[in-house]
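Fold and contact review
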Amino acid sequence: MQAKLLRVLEEGEVERVGGDKPIKVNVRVLVATHRNLEDLVKQNSFRSDLFHRIYVFPLTLPPLRERLEDFPGLVAHFARQVAAQNGWKEKIFSEEAIGELRKYGWPGNVRELRNIVERLILLASDEDVAAADVRLILPTSGSAWGGSSASPSGNSTGTLAERTEAFEKETMLAEIRKHNFHMTNVARALGLERSHLYKKCQQLGIDLQSLRKPE
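This one's a predicted model, so the numbers in the text were calculated from it and none came from an experiment.

On to the overall build of the protein, then. For the protein, the helix and strand inventory stands at eleven helices and four strands. Counting over 215 residues, the protein shows a buried share of 28%. Residue pairs in contact within the protein that sit at least 24 positions apart in sequence constitute 57% of those at least 6 positions apart.

Glancing now at the confidence of the model for the protein. Averaged over every residue, the pLDDT of the protein is 83; residues scoring 70 or more account for 88%. Predicted confidence in the protein is weakest over helix 8 (residues 160-178), with a mean pLDDT of 80, and strongest over strand 3 (residues 92-93), with 94. Across residues 141-156, confidence stays below pLDDT 50; counting only partners more than four residues off in sequence or on other chains, it has 30 contacts.

Once that is clear, we can look at the packing of helix 4 (residues 71-86) against helix 6 (residues 109-123). To describe two helices that pack against each other, one gives the angle between their axes and the distance between the axes. Put simply, helix 4 and helix 6 touch, their axes get as near as 9 Å, and they point 60° apart. Between helix 4 and helix 6, the crossing angle belongs to the class labelled oblique. Regarding helix 4 and helix 6, the two cross each other, and that crossing is right-handed. For the pair helix 4 and helix 6, the contacting residues are F71, L74, V75, F78, A79, Q81, V82, Q85 and N86 in the first and V110, L113, R114, V117, E118 and I121 in the second. The residue inventory of the contact of helix 4 with helix 6, partitioned by class, reads ten nonpolar, three polar and two charged.

This part covers the packing of helix 9 (residues 183-190) against helix 10 (residues 194-203). Two numbers describe how helix 9 lies on helix 10: the axes approach to 9 Å, and their chain directions differ by 90°. Classified by the interaxial angle, the pair formed by helix 9 and helix 10 is roughly perpendicular. Only R194, L197, Y198 and C201 of helix 10 make contact with helix 9, whose side of the interface consists of M183, T184, V186, A187 and L190. Grouping the constituent residues of the contact of helix 9 with helix 10 by class yields seven nonpolar, one polar and one charged.

Phi is positive for W106, close to 55°, though the residue is something other than glycine. Assignment of secondary structure puts W106 in the loop between helix 5 (95-103) and helix 6. Residue classification places W106 among the buried residues on the basis of a relative accessible area of 0%. One non-glycine residue, N180, adopts positive backbone phi at about 50°. Mapped onto the fold, N180 is located in the loop between helix 8 and helix 9.

With that out of the way, let us pick up helix 6. Taking 1.5 Å of rise per residue, 15 residues should cover 21 Å, and helix 6 covers 21 Å from first to last C-alpha, within 8% of that figure. Listed in full, the buried residues belonging to helix 6 are E112, L113, R114, I116, V117, R119, L120, I121 and L122.

What follows covers the side chain of R114. Within the element layout of this structure, R114 appears in helix 6. Take R114: its relative accessible area is 19%, and that puts it in the buried class. Sequence-distant contacts of R114, defined by excluding residues within four places in its chain, comprise F78, Q81, V82 and Q85.

Quick notes on the rules
- Residues numbered from 1 in each chain as written.
- Predicted model: local features only at pLDDT ≥ 70, side-chain atom pairs only at ≥ 80, totals over all residues.
- Heavy atoms only, no water.
- Helix = DSSP H or I, 4+ residues; strand = E, 2+ residues; numbered from the N terminus.
- Buried < 20%, exposed > 50% of the residue type's maximum accessible area, 1.4 Å probe, protein only.
- Contact = heavy atoms within 4.5 Å.
- pLDDT = per-residue confidence, 0-100.
- Axes fitted to C-alpha atoms, helices over the stretch in contact; angles between N-to-C directions.
- Parallel < 35°, antiparallel > 145°, perpendicular 65-115°, else oblique.
- Left-handed = near helix turned anticlockwise from the far one by under 90°.
- Nonpolar A, V, L, I, M, F, W, Y, C, P; charged D, E, K, R; others polar.
- Expected span 1.5 Å × (residues − 1).

In structure tokens:
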């Protein structure tokens with residue numbers, strides 16, 4: 001594959017599968033990777049001629065954990081975006097909440113931050129997102145970055161299906177409490193039919209009758 005890519009870059013030609021003649025192309029190529037290509041060249045895992053062909057104007061994008069000054073702007077942007085896309089009321093993140101977010105290692109970088117912002121907007125009980133809300137979602141946020149294996153949801157064990165089910169249950173419980181058991185509003189917020197909502201509650205083991213009982 002590297003040889004084929006090099007040929008495209010050098011000669012500006014491609015061949016269709018099953019084709020009998022090359023086709024000229026005029027393209028500009030952007031290459032992105034999280035690996036150290038120079039090390040891979042030394043290990044003979046990456047072609048040196050291809051490396052020098054694509055290494056024309058390198059740009060290094062630092063990981064999110066090294067861009068602490070970007071957090072307020074990114075969080076505000078994602079909060080507006082998520083609220084607009086879901087028809088939710090926009091929530092403001094307190095300075096203390098931003099401080100807690102900065103403490104987390106963010107192995108998933110900006111994409112992970114957006115997902116966490118969405119979860120915090122959904123699960124926060126007050127008008128604003130507080131530091132306590134962040135600590136609830138990111139239990140390891142108080143520790144320095146060191147390759148922690150904890151997941152953003154706090155549920156780092158189980159299969160993908162089990163983790164997905166846990167997240168669905170957490171999300172549904174949050175919406176049910178948020179709308180004070182008004183199931184029509186809950187269904188609307190989650191984009192479900194009422195009948196599907198009740199079936200989903202049953203599948204996830206959510207006992208609505210027990211939840212309504214005062215503690």
